[in-house]
Number of protein chains: 2
Amino acid sequence: MSGPEWESLEQCLEKHLPPAELQEVKRILYGKETRKLDLPSRAFEFASEGDFELQGYAFEAAEEQLRGPRTVRVGLVQNRIPLPADAPVAKQVSALHSRIETITEVAAMCGVNIICFQEAWTMPFAFCTREKLPWTEFAESAEDGPTTRFCQKSTYYMEGDLGHPVFQTQFGRIAVNICYGRHHPLNWLMYSVNGAEIIFNPSATIGTLSESMWPVEARNAAIANHCFTCAINRVGKEYFPNEFTSGDGKKAHHDFGYFYGSSYVAAPDSSRTPGLPRNRDGLLVAELNLNLCRQVNDVWNFKMTGRYDMYARELAEAVKPNYSRNIVKE
Amino acid sequence: MSGPEWESLEQCLEKHLPPAELQEVKRILYGKETRKLDLPSRAFEFASEGDFELQGYAFEAAEEQLRGPRTVRVGLVQNRIPLPADAPVAKQVSALHSRIETITEVAAMCGVNIICFQEAWTMPFAFCTREKLPWTEFAESAEDGPTTRFCQKSTYYMEGDLGHPVFQTQFGRIAVNICYGRHHPLNWLMYSVNGAEIIFNPSATIGTLSESMWPVEARNAAIANHCFTCAINRVGKEYFPNEFTSGDGKKAHHDFGYFYGSSYVAAPDSSRTPGLPRNRDGLLVAELNLNLCRQVNDVWNFKMTGRYDMYARELAEAVKPNYSRNIVKE
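Residues numbered from 1 in each chain as written. Chains lettered and ligands numbered in written order. Predicted model: local features only at pLDDT ≥ 70, side-chain atom pairs only at ≥ 80, totals over all residues. Heavy atoms only, no water.

## Regarding the packing of helix α6 (residues 185-193) of chain A against helix α11 (residues 308-318) of chain B
Test applied: Axis geometry follows a simple rule: fit a line to the C-alpha atoms, using only the stretch in contact for helices, then measure angles between N-to-C directions, giving values from 0 to 180 degrees. Numbering goes from the N terminus for both helices and strands, where a helix is a DSSP run of H or I of at least four residues and a strand is a run of E of at least two. Roughly parallel refers to an angle under 35 degrees, roughly antiparallel to one over 145, roughly perpendicular to one between 65 and 115, and oblique to any angle outside these ranges. Each helix crossing is assigned a hand: it is left-handed if the near helix lies turned anticlockwise from the far helix by less than a right angle, otherwise right-handed if that turn is clockwise. Any two residues having at least one pair of non-hydrogen atoms within 4.5 Å are treated as being in contact. Throughout, the ten residues Ala, Val, Leu, Ile, Met, Phe, Trp, Tyr, Cys and Pro are labelled nonpolar, Asp, Glu, Lys and Arg are labelled charged, and all others, Gly among them, are labelled polar.
Packing of α6 of chain A against α11 of chain B leaves a shortest axis separation of 11 Å and a crossing angle of 25°. Classified by the angle their axes make, α6 of chain A and α11 of chain B are roughly parallel. Helix-helix and strand crossings are classified by hand; for α6 of chain A and α11 of chain B the assignment is left-handed. Residues Leu186, Asn187, Leu189, Met190 and Val193 of chain A of α6 of chain A pack against Tyr308, Tyr311, Glu314, Leu315 and Ala318 of chain B of α11 of chain B. Broken down by class, the residue content of the contact of α6 of chain A with α11 of chain B amounts to 8 nonpolar, 1 polar and 1 charged.

Here's what the structure looks like:
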């Protein structure tokens with residue numbers, strides 16, 4: 001079962017475990033409990049009418065004398081494609097904009113400062129087909145395309161750059177580690193070295209491929225780098241008109257597999273929110289007190305104890321074609 | 001509850017979840033199910049007499065045409081200190097040797113090729129007291145001390161070195177990432193770059209400090225580096241004669257906290273074994289087919305897609321005192 005039959009780990013545990021046991025299980029799986037956010041009832045009504053899940057949690061930090069709390073609200077959006085992948089391109093884009101607009105309005109009601117959509121949110125995840133048309137028609141100008149113009153109504157947007165850039169915003173320093181980049185611990189590290197306090201990871205990944213990695217990678221990155229990480233995945237199955245193969249020895253098929261949602265936010269103190277459902281569109285609102293980053297850094301000191309000069313030397317050696325591995329033989 | 005009241009996550013889930021739900025929860029938390037190893041009944045009898053937990057699992061790999069399975073059995077040992085920390089030093093060492101001998105005999109019955117004990121297994125974990133005597137008396141020569149001589153009877157041992165050395169043994173290439181080293185993703189990476197197929201992480205860590213990090217870090221390392229990792233923790237509470245403080249603003253105390261065991265093995269395909277209990281000595285036997293490392297590498301290609309030359313350059317820059325962080329401002 002890597003499909004939609006099963007809503008979520010959290011729902012299952014809450015249904016079956018007695019309260020005291022549930023608390024222990026959550027402590028081990030999710031760390032210090034996140035406080036439920038008191039979101040406006042109107043937001044829940046809109047979410048219910050719009051048929052998507054709305055959840056809100058807050059990560060707290062200790063009070064400091066010289067800095068007030070630096071709270072920021074982030075919104076993570078996961079969604080299905082509202083129209084099938086063989087509908088006309090313009091209609092698909094317009095339906096996606098409309099769907100995201102509904103969810104973004106609720107995010108605004110919830111006081112969200114920074115919103116992050118899923119990877120390739122303006123199109124079906126057509127890369128798996130390895131076809132060009134019509135998918136290339138979903139491409140737009142990042143400077144003045146319709147999606148950029150749409151986003152400029154309500155949300156934050158900034159173009160990319162080379163290396164591991166971090167964006168200084170009025171709400172904190174943020175970075176974006178796209179999809180597959182989450183598998184490389186050094187990507188997260190370099191964003192953190194450049195000062196990121198929140199790293200977003202918009203992804204598109206399916207159950208049979210990665211579901212048991214999903215709770216581990218962004219979480220480990222938050223722990224290892226004393227920062228917040230936001231992991232966002234798509235929802236649902238997307239059917240493509242032409243069949244394609246996936247290089248796994250299996251027969252050609254019309255879908256890539258089931259995108260299992262489960263978007264979540266992880267904190268530097270190894271706590272995390274529950275995940276959004278596996279089988280439903282959703283908005284996860286998380287209030288982060290960014291002071292927690294330095295507070296955890298002061299306790300664990302991974303940045304101070306990391307021997308980055310040694311790693312830099314060792315890596316520089318290791319990439320040379322004639323590198324001789326440090327192997328001790330009997 | 002970060003103490004011994006609670007045996008394990010696995011026991012709780014197995015007690016309360018219906019079979020079909022349990023299977024889904026395990027799939028998400030532990031990945032592809034590990035097969036239970038058929039260990040000799042005599043081994044279970046000895047473990048029961050010796051009052052320690054014995055569990056065995058096998059990680060399997062696909063059959064290959066040119067290589068046979070390369071299976072190796074590893075043994076992870078977690079244990080309390082058998083005598084209180086204020087007993088005479090020689091008696092403590094001798095009781096520990098005797099306890100470990102019992103467990104090691106069972107490991108031998110189970111066909112274990114490589115055994116790994118917990119960090120600082122020949123003494124109480126006295127570092128937290130910051131005292132010298134009598135703890136320095138537990139130090140021994142690594143070349144011909146009683147512990148080395150004891151280990152030479154049955155087990156594999158090789159002295160340390162500088163950098164991130166990997167040891168080529170007849171059972172595969174192994175490395176040891178000691179305790180706190182698990183928090184640095186780059187340590188695991190460098191062992192892996194040097195060819196490690198199994199990385200052991202002997203640790204000593206307590207519930208209030210790290211229990212929600214424990215299932216994440218070694219697991220992420222196995223995924224990110226296409227190798228097996230073995231995470232080993234102590235068990236129990238250790239009382240020291242003189243009170244000491246822990247720099248956390250709390251009153252002086254006689255113990256460091258509760259060591260929660262929960263030792264486990266993680267595989268490159270993101271699967272893992274259940275953990276040993278939180279509150280009981282234990283031996284975890286895991287049969288690893290090392291062919292899985294290259295097989296997973298061939299699917300995910302993190303080594304090929306890692307831009308190590310870029311990281312090496314970026315890190316070399318980042319450690320310079322005048323480093324200017326890559327921050328894009330509005």
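## Structural notes on the interface of chain B and chain A
The following threshold applies: Here the quantity called buried area is the accessible surface, traced with a 1.4 Å probe, that two parts lose on coming together, added over both. The rule for a salt bridge is simple: a side-chain nitrogen of Lys or Arg has to be within 4 Å of a carboxyl oxygen of Asp or Glu. In the analysis that follows, any N or O atom pair within 3.5 Å is treated as a polar contact, provided that within protein one partner can donate a hydrogen and the other can accept it, and provided that, for residues neighboring in sequence, both atoms belong to side chains. One requirement defines pairing of two strands: DSSP has to find at least two bridges between them.
Every contact between the two is made by 77 residues of chain B and, on the other side, 77 residues of chain A. In terms of surface lost to chain A, no three residues of chain B exceed Ile28, Trp300 and Tyr311 of chain B, which account for 9% of the buried area on that side. At the boundary of chain B and chain A, one finds 2 salt bridges. As a salt-bridge pair, Glu211 of chain B and Arg27 of chain A come within 3.1 Å of each other at their nearest N and O atoms. The tally of links between chain B and chain A comes to 24 residue pairs in polar contact (both at pLDDT 80 or more). Element by element, the count of residues in the side of chain B that touches chain A is highest for α11 of chain B, at 9 residues. Here 3 bridges tie strand β5 (residues 166-169) of chain A to strand β15 (residues 327-329) of chain B, and the two strands are oriented parallel to one another. Bridging across to β15 of chain B, Gln168 of chain A finds its partner in Lys329 of chain B.

## Digging into the relation of the copies chain B and chain A
Counted only if it meets this: A least-squares superposition brings the copies together, and it is based on the C-alpha atoms of residues with pLDDT no lower than 70 in both.
The two copies are related by a screw operation: chain B maps onto chain A through 180° of rotation and 0.0 Å of translation along the axis, at an RMSD of 0.0 Å. Here the transformation between the copies is reduced to the relation of a two-fold axis. It is Ala312 of chain B whose C-alpha, among those of chain B, lies nearest the rotation axis, at 2.3 Å. Most of the interface of chain B is mirrored in chain A, where 100% of its interface residues again form contacts.

## Let's talk about the sheet that holds strand β1 (residues 35-36) of chain A
Residue and element names in this part refer to chain A. Sheet architecture is open: 5 strands sit in the order β1-β2-β14-β3-β4, paired in mixed fashion. A strand with exactly one partner marks an edge of an open sheet, and here the two such strands are β1 and β4 (114-116). Pairing analysis gives 8 bridges linking strand β3 (residues 71-78) to strand β14 (residues 282-289), with the strands arranged antiparallel. Across the sheet, residue Val72 finds its bridge partner in β14, namely Leu288. Its contacts with the sheet place helix α4 (residues 89-109) against β2 (53-59), β3, β4 and β14, and it is angled at close to 35° to β14.

## Describing the sheet that holds β15 of chain B
With mixed pairing, 6 strands are arranged side by side in an open sheet as β13(A)-β8(A)-β7(A)-β6(A)-β5(A)-β15(B). Looking at the sheet topology across the chains shown, the edges are occupied by β13 (264-266) of chain A together with β15 of chain B. Here the strands of the sheet are splayed against their neighbours by 25° on average, with no regard to which way each runs. Note that β5 of chain A and strand β6 (residues 172-176) of chain A share 3 bridges and pair antiparallel. In the sheet register, Thr169 of chain A faces β6 of chain A, and the bridge partner there is Gly172 of chain A. The sheet strands contacting α6 of chain A are β5, β6, β7 (198-202) and β8 (228-232) of chain A, and the helix crosses β7 of chain A at an angle near 145°. Taken strand by strand, helix α8 (residues 214-225) of chain A contacts β7, β8 and β13 of chain A, and its axis lies near 35° from that of β13 of chain A.

## Description of the packing of aromatic side chains
Threshold: Think of it this way: a Phe, Tyr or Trp ring, Trp meaning its six-membered ring, pairs with another when their centres are within 6.5 Å, and the plane angle makes it stacked under 30 degrees, edge-to-face over 60, tilted otherwise. Only protein chains enter the area calculation, which uses a 1.4 Å probe; residues under 20% of their type maximum are buried, those over 50% are exposed, and those in between are partly exposed. Only lysine NZ and arginine CZ atoms are considered, and such an atom sits over a ring when it is within 6 Å of the ring centre and within 35 degrees of the ring normal.
Applying the stated criterion across every chain, the model contains 29 aromatic pairs over all chains. When the centroid spacing of 6.1 Å and the interplanar angle of 65° are considered together, the rings of Tyr308 of chain A and Tyr311 of chain A count as edge-to-face. Separated by 3 residues within a single helix, Tyr308 of chain A and Tyr311 of chain A lie in helix α11 (residues 308-318), roughly one turn from each other. Per residue, the accessibility class of Tyr308 of chain A equals that of Tyr311 of chain A, and both read buried. Pairing Trp135 of chain B with Phe138 of chain B gives two aromatic rings, centres 6.2 Å apart and planes at 15°, and the pair type is stacked. Here the aromatic cluster, defined as three or more aromatic residues joined through ring pairs, consists of Phe125, Phe127, Phe256 and Phe259 of chain A. The ring of Phe259 of chain B has Arg234 of chain B sitting right over it, with the charged end atom 5.7 Å from the ring centre. Taking the ring centre of Tyr264 of chain B as reference, the NZ or CZ of Arg272 of chain B above it sits at 4.1 Å.

## Concerning the pattern of salt bridges
Tallied over the full model, the rule gives 34 salt bridges over all chains. Between Arg280 of chain B and Asp51 of chain B there is a salt bridge, and its shortest N-O distance comes to 3.1 Å. Of this pair, Arg280 of chain B sits in the loop between β13 (264-266) and β14 (282-289) while Asp51 of chain B sits in the loop between α3 (41-49) and β2 (53-59), and the two are 229 residues apart along the sequence. Judged by relative accessible area, which is 28%, Arg280 of chain B ranks as partly exposed. In this structure, the salt-bridge partner of Glu238 of chain B is Arg234 of chain B, at a minimum N-O distance of 3.0 Å. The structure contains a network of salt bridges with shared partners spanning Glu24 and Arg27 of chain A together with Glu211 and Arg278 of chain B.

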